[in-house]
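For reference, the chains in residue letters:
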Amino acid sequence: MNLFEKQSCEFITRHIGPDEHQTRQMLKTTGEPDLDSLINKTVPAAIRMQHELDLPKAMSEHQYLQHLKEVSLQNKVYKNYIGQGYYDTIIPSVILRTVFENPGWYTQYTPYQAEISQGRLESLLNFQTMVSDLTALPIANASLLDEATAAAEAMTMFFNTLNKQDHITHPKFFVDKETFPQTKDVLYTRAKPVGIEIVEGDYKKANIDLTYCGAIVQYPNDKGSIEDYHDFINKVHAAGAFVVMATDLLALTLLTPPGELGADCAIGSAQRFGVPLGFGGPHAAFFAAKDDFKRSMPGRIIGVSVDANNNRALRMALQTREQHIKREKATSNICTAQALLANMAAMYTVFHGPDGLKNIAKRVAILTQTVAGGIEELGFELLSNNYFDTITVKVDDITPIKEKALRQQINLRYFDNKHIGISLDETTLAEDLYDLINCFENDKNPVAFDIHHDDEPDHIPGNLSRTSSFLTHPVFNTHRSESQMMRYIKMLENKDLSLNTSMITLGSCTMKLNAASEMIPLSWTHWSKMHPFAPADQTKGYQQIIDELSDYLCEITALDACSLQPNSGAQGEYAGLLTIRDYHEANGDHHRNVMLIPISAHGTNPASAVMAGMKVVVVKALENGYIDIEDLKAKAEQHSNDLAGIMITYPSTYGVYEETVKEITDIIHKHGGQVYMDGANMNAQVGLTAPGLIGADVCHLNLHKTFAIPHGGGGPGMGPICVKKHLAPYLPGHVERGKRNKAQAMAVSAAPYGSASILLISYGYIRMLGYVGVKDATKYAILNANYMRARLQGQFEILYTNHNGQCAHEFIVDLRPFKKSAEIEAEDVAKRLMDYGFHAPTMSFPVPGTIMIEPTESEDKGELDRFCDALLSIRQEIRDIEEGKMDKKNNALKNAPHTQAMVINSEWNKPYSREQAAFPMYYVTQNKFWPSVARVNNTYGDRNLICTCEPTEAYMEAEA
Ligand SMILES: Cc1ncc(COP(=O)(O)O)c(C=O)c1O
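Residues numbered from 1 in each chain as written. Predicted model: local features only at pLDDT ≥ 70, side-chain atom pairs only at ≥ 80, totals over all residues. Heavy atoms only, no water.

### Overview of the overall build of the protein chain
- Summing up its helical and strand segments, the protein chain has 34 helices and 27 strands in all.
- By the compact-globule yardstick of 30 Å for 960 residues, the protein chain fits well, its C-alpha radius of gyration being 28 Å.
- Looking at the protein chain residue by residue over its 960 residues, the buried ones come to 66%.
- The contacts in the protein chain between residues at least 6 apart in sequence include a share of 77% that link residues at least 24 apart.
- Approximately 33,400 Å² of the protein chain is accessible, and the part contributed by carbon and sulfur atoms is 49%.
- Each charge class in the protein chain was averaged separately, 89 positive and 115 negative side chains, and the resulting centres sit 3 Å apart. (Helix = DSSP H or I, 4+ residues; strand = E, 2+ residues; numbered from the N terminus. Rg over C-alpha atoms; globule rule 2.2 N^0.38 Å. Buried < 20%, exposed > 50% of the residue type's maximum accessible area, 1.4 Å probe, protein only. Contact = heavy atoms within 4.5 Å. Areas by Shrake-Rupley, 256 points an atom, 1.4 Å probe, with all protein chains shown as cover. Lys, Arg positive; Asp, Glu negative; His and termini not counted. Charge placed at Lys NZ, Arg CZ, Asp CG, Glu CD.)

### Examining empty space enclosed by the protein
- Following the criterion strictly, the structure yields seven cavities of 30 Å³ or more and no others.
- In this model, the largest cavity occupies a volume close to 190 Å³.
- As for the largest cavity, its lining consists of 26 residues, of which Gly85, Tyr87, Phe180, Pro220 and Asp248 are closest to the centre.
- Elements supplying a minimum of two residues to the lining of the largest cavity: β5 (212-219), β6 (242-248) and β15 (419-423).
- Considered class by class, the residues forming the lining of the largest cavity number eight nonpolar, 12 polar and six charged.
- Roughly 140 Å³ of internal volume is contained in the second largest cavity. (1 Å grid on protein atoms, 1.4 Å probe; cavity = no way out; pocket = protein on both sides within 12 Å on 5 of 7 lines; lining within 4 Å. Points joined across faces, edges and corners; volume = space filled by probe spheres on them. Nonpolar A, V, L, I, M, F, W, Y, C, P; charged D, E, K, R; others polar.)

### Describing the sheet that holds strand β9 (residues 301-307)
- Pairing is antiparallel across the open sheet formed by three strands, whose spatial order is β10-β9-β27. The sheet terminates laterally at β10 (312-317) and β27 (936-937), the two strands that pair on one side only.
- Of the pairings in the sheet, the one linking β9 to β10 comprises six bridges and is antiparallel in character. By the bridge assignment, Gly303 is partnered in β10 with Arg315.
- Packed on one face of the sheet, helix α8 (residues 118-135) meets β9, β10 and β27 and runs near 70 degrees to β10. (Pairing = 2+ DSSP bridges. Axes fitted to C-alpha atoms, helices over the stretch in contact; angles between N-to-C directions.)

### A word on the site of the ligand
- Within the structure, the ligand sits among 14 residues, and Thr336, Ser508, Gly569, Asp678 and His704 are positioned closest to it.
- For the ligand, an oxygen atom lies 2.5 Å from a polar atom in the side chain of Ser508.
- Here an oxygen atom of the ligand sits 2.7 Å away from a polar atom, N or O, in the side chain of His704.
- For the shell around the ligand, the leading source of residues is helix α21 (residues 569-586), giving three residues.
- Partitioning the shell around the ligand into residue classes produces three nonpolar, eight polar and three charged. (Near = heavy atom within 4 Å. Polar contact = N/O pair within 3.5 Å; in protein donor to acceptor, adjacent residues only side chain to side chain.)

### Considering the confidence of the model for the protein chain
- Of all residues in the protein chain, 96% have pLDDT values of 70 or greater, and the mean over the chain is 94.
- Across residues 955-960, where pLDDT falls below 50, the model places five contacts with residues more than four positions away in sequence or in other chains. (pLDDT = per-residue confidence, 0-100.)

### Remarks on the pairing of strand β17 (residues 594-598)
- By the criterion of burial, β17 is predominantly enclosed, with five of the five residues buried.
- Where burial is concerned, the two faces of β17 agree: the one with Val594, Leu596 and Pro598 and the one with Met595 and Ile597 are both buried.
- Taken together, β17, helix α22 (residues 604-611) and strand β18 (residues 615-619) constitute a β-α-β crossover, and its handedness is right-handed. (Right-handed = clockwise from strand over helix to strand, strands pointing away.)

### Brief notes about the sheet that holds strand β26 (residues 850-853)
- Spatial strand order, β23-β24-β26-β25: four strands in an open sheet with antiparallel pairing. At either end of the open sheet lies a strand with only one pairing partner, and these are β23 (797-799) and β25 (842-843).
- Looking at chain direction, β25 and β26 are connected through two bridges and run antiparallel. For Met843, the partnering residue across the bridge sits in β26 and is Ile851.
- Lying over the sheet, helix α26 (residues 759-792) contacts β23, β24 (811-814) and β26, oriented at roughly 20 degrees with respect to β24.

### Description of unusual backbone geometry
- The omega torsion of the bond from Gly281 to Pro282 falls at 10 degrees, within 30 degrees of zero and hence cis.
- Within the secondary structure, Pro282 is located in the loop between β7 (265-269) and β8 (285-289).
- Going from Gly715 to Pro716, the amide bond is cis rather than trans, its omega being 20 degrees.
- Locating Pro716 in the fold gives a position in the loop between β21 (698-700) and β22 (721-723).
- The backbone phi angle of Thr510 is positive, close to 50 degrees, even though this residue is not glycine.
- For Thr510, the position within the fold is in the loop between α17 (482-494) and α18 (516-519).

### Focus: the state of the cysteines
- In the structure shown here, the tally under the stated rule is zero disulfides.
- Distance from the sulfur of Cys699, which forms no disulfide, to the nearest cysteine sulfur (Cys722) is 6.6 Å.
- The class of Cys699 is buried, set by a relative accessible area of 0%.
- Free of any disulfide, Cys722 has its nearest cysteine sulfur in Cys562, 4.0 Å distant.
- Residue Cys722 is classed as buried on the basis of its relative accessible area, which comes to 0%. (Disulfide = S-S within 2.5 Å.)

### Describing helix α10 (residues 181-194)
- The end-to-end C-alpha separation of α10 is 21 Å, in line with the 20 Å expected for 14 residues at 1.5 Å each.
- The buried fraction of α10 is high, at 12 of 14 residues.
- Buried residues of α10: Pro181, Gln182, Thr183, Lys184, Asp185, Val186, Leu187, Tyr188, Thr189, Arg190, Ala191 and Pro193, and no others.
- Where α10 terminates, the next one or two residues include Gly195, which has phi positive at roughly 85 degrees. (Expected span 1.5 Å × (residues − 1).)

### Details of the packing of helix α9 (residues 147-162) against α10
- Two numbers describe how α9 lies on α10: the axes approach to 8 Å, and their chain directions differ by 35 degrees. As α9 packs across α10, the resulting crossing turns out to be right-handed. For the pair α9 and α10, the contacting residues are Glu147, Ala148, Thr149, Ala151, Ala152, Glu153, Met155, Thr156 and Phe159 in the first and Gln182, Thr183, Val186, Leu187, Arg190, Ala191 and Val194 in the second.
- Taken together, the residues of the contact of α9 with α10 break down into nine nonpolar, four polar and three charged. (Left-handed = near helix turned anticlockwise from the far one by under 90°.)

### Quick notes on helix α20 (residues 540-557)
- Counted at 1.5 Å a residue, the expected span for α20 with its 18 residues is 26 Å, and the 26 Å between its end C-alpha atoms agrees.
- Taken together, the buried positions of α20 are occupied by Gly541, Tyr542, Ile545, Ile546, Glu548, Leu549, Ser550, Tyr552, Leu553, Cys554, Ile556 and Thr557.
- Check the buried side of α20 and you find it contacts α5 (61-72), α19 (525-528), β16 (561-563), α25 (691-694), β22 and α26.

### Regarding the side chain of Arg190
- Within the secondary structure layout, Arg190 lies in helix α10.
- Residue classification places Arg190 among the buried positions, given a relative accessible area of 7%.
- Among residues more than four places away in sequence, those in contact with Arg190 are Thr149, Ala152, Glu153, Met155, Thr156, Tyr574 and Met611.

### Looking at the pairing of β9
- Burial of β9 is extensive: seven of the seven residues sit out of reach of the surface.
- From the end of β9 to the start of β10, which pair antiparallel, there are four residues, and Asn310 there has a positive phi angle of about 70 degrees.

### Some points on the packing of aromatic side chains
- The final tally for this structure, using the stated rule, is 25 aromatic pairs.
- Ring geometry for Phe380 versus Phe440: centroids 5.4 Å apart, planes at 80 degrees, classification edge-to-face. Pair noted here: Phe380 is in the loop between α14 (339-377) and β11 (381-382) and Phe440 is in the loop between α16 (432-438) and α17, with a separation of 60 residues, a long-range link.
- An aromatic cluster is present here, built from Phe174, Tyr203, Tyr219, Tyr229 and Phe232 joined pairwise through their rings.
- The ring of Trp524 has Lys69 sitting right over it, with the charged end atom 3.9 Å from the ring centre.
- Here the guanidinium or amino end of Lys910 rests over the ring plane of Trp908, the centre of that ring lying 5.5 Å away. (Phe/Tyr/Trp six-rings, centres within 6.5 Å; stacked < 30°, edge-to-face > 60°. Lys NZ or Arg CZ within 6 Å of the ring centre and 35° of its normal.)

### What about the pattern of salt bridges?
- Taken as a whole and judged by the stated rule, the model has 41 salt bridges.
- The partner of Glu52 in a salt bridge is Lys775, and the shortest N-O contact between them spans 3.2 Å. With Glu52 in the loop between α4 (35-42) and α5 and Lys775 in helix α26, this pair connects stretches of sequence that are 723 residues apart.
- Take Glu52: its relative accessible area is 46%, and that puts it in the partly exposed class.
- In this structure Lys775 comes out as buried when scored by relative accessible area, which is 16%.
- Notably, a salt bridge pairs Lys861 with Asp865, separated by 2.9 Å at the nearest N-O pair. (Salt bridge = Lys/Arg side-chain N within 4 Å of Asp/Glu carboxyl O.)

Encoded structure:
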């Protein structure tokens, strides 16, 4: 390789942890002479890819950033007044720099290990409190994927509340015609498979009877009009049904909130609270509801509890709600959501406080009424006189106005040939109004308008003006200066263990490097300021990335077509299953609705199948972790006539490449079924094998695992699906908004390309690694896992390896024997790892009482060794208990994690030293990470459910 070729490949060595020397040492430990020999013994020959991937060559980081800058310039950044749920916003620079662009925040994992996640838990609690306060509903969750899916979740929640599974008495759901069109699309998609009947109409004329489970109205509505839904809500309640209001958080600072109008639920997007447009996402949706729904709400809820020392501690409340536990009983499949973006919105609220938000809202409202007045003076009429930030202007013909707007680089919303929408936002300046009004001007008279700076918004009806206070909690009224804000953010960040502290070995989650060069472009204006419904000729840069990335993903999966719409792995599952369902229906096989799912599957698999209207039939596993082929054959035979397909994960969630996988896919095809592959473990496939080679017809890819999108503390993510040719016509698509034929409705997300801006990360990953690097990444993921397995084997029992004794890219360590020998549970080991500076591996999935370790290729030998040393040291601590040298109840594992407060307490009466508690190995002394609370008491918190910031008195009591 010459110097210049070397330069192009330099990112490969930045992304992959072990260097040549370490690789040799690690191979020695695994007993293999070289990497290829290890791979040959690990990946079955029958499924190996026989060619190199047809992907571009690697680019250096510098070359890539130059390239992406050039592509970005094909996007035209116009001033957007399109609205429709997406508004430009000012990201406070302190939040941009210290949250959005900070690996301390974006590389966090979902806060399952509460003791080392108190920072983001606190911030998510702020998010919930903000949503709850602004909507005046008592309980809010910690984000959903987008506004449209949040609406669908509310609809499903109402439907499930009023209907028994086999006895549907309230099938109808009313949708007001002035609901955002993308929300309607997703509602239609989600309603059909589960038997909900959507009735679309004018809420004023709706006849709601006992056959309805609920209704949705938009507030302010799609045209910007503020409607009084009070009577409508009473009418729906009188029929025993529920109402969800889709709403806008900024508007709610000025409008009577949904809770005060009697709504049962409120949903919407928190995007305009400081989250960039990004061509559609990622953004956090919110979901708030009456108390009655607290146990049936979708998504994660953060709640307040106490720790082992009775100090306040936060954790995810009602964790049994997590869908991997509920399996096919699940009513929702939400797993990855939008935590990072919820944190940004929460920080925006902390930064501005109630008065700041109200000022922004008033400014927007006053500018809107000024524009409205200016346009009315020109002789135009508005559709409604009651508005906040959006007006709809009636025109004879949009053509001349559109031409003039485009000439001024302005995007307006064109409903049809006679109606134009204009939505203002906090970035609108008074000067902008000249150009805006000028679009409607006849070019003869100069535009003139007056802004009375002391004006009050006067187009919000008096009976719908907010009188109640909100955001009174000190956290929203303290951090006004940038110094305070910066320190608040840092204080929370310090409580959380992220990838910038140490490796996070979460099996099935692939916590690999999220390289800075992959992340940096997200902040560039030409990517971040793009509206998802901007005209296509302004978004050519995005189109290029989307087209190229789709091609790369098809090549990698050996499949033929791709949809980049799903916003998470689980949403990809849902989209993929709908694709299968629609394919069967198109073939006249309406009855094919049985989905076989192995017992080891992730909980989202059966949950998605239920949402897609399918019947789940579980397939057994053998002792070695393989799918039980005999059971599979019997079930496929039994359901042959109505078989829709199978969902498999490959390599399996047990961390092995089943040699029998092709036999499995053949059996399903023989019975007329389709094979769905859960691509969560794709990091063990890229370049070595591919779903299409194994027999998959459809596969989702978690771009937030294999393709380097960070986990953001529980989202964002992207779960595109790739399919074989015959399924391509049924992929989710975005037919032009509002022009969709109801029968073909198949949007699963609000935005056409889901969280489009983070596709750049996966694009960057593939372009900088090139075809050689992505394959090397897979090989090293396997090497790292097998190296750790080899180091731990003998001291721990490793479950499920192949006939050569190898694991795939992850492996399961059995901790169940220690329960008997030392009364030690998997949880004790997980918490003790925190004292060693590590996040626990995946706990009790897919096998209870175990941990699943996935190191990824991004960790070097030094870090892998530290983690193995920690586990081996913990093994010795367990041995001390087994041998009676340490008490069974009072030991370093049971008391873990140890906080600073515990260790510096002048009283120390534990049967081990302080050093042993907090600095159990030398390396810990060099980089100590302190858990900020002791072991969290989950049960206490669930019994005393508090999911918003408590009143100040609660803190005072805690301090006393
Ligand atoms: C095997 C498997 N399938 C599906 C999912 C769901 O993916 P997501 O969280 O992106 O919805 C996960 C998530 O961890 C997983 O591990």
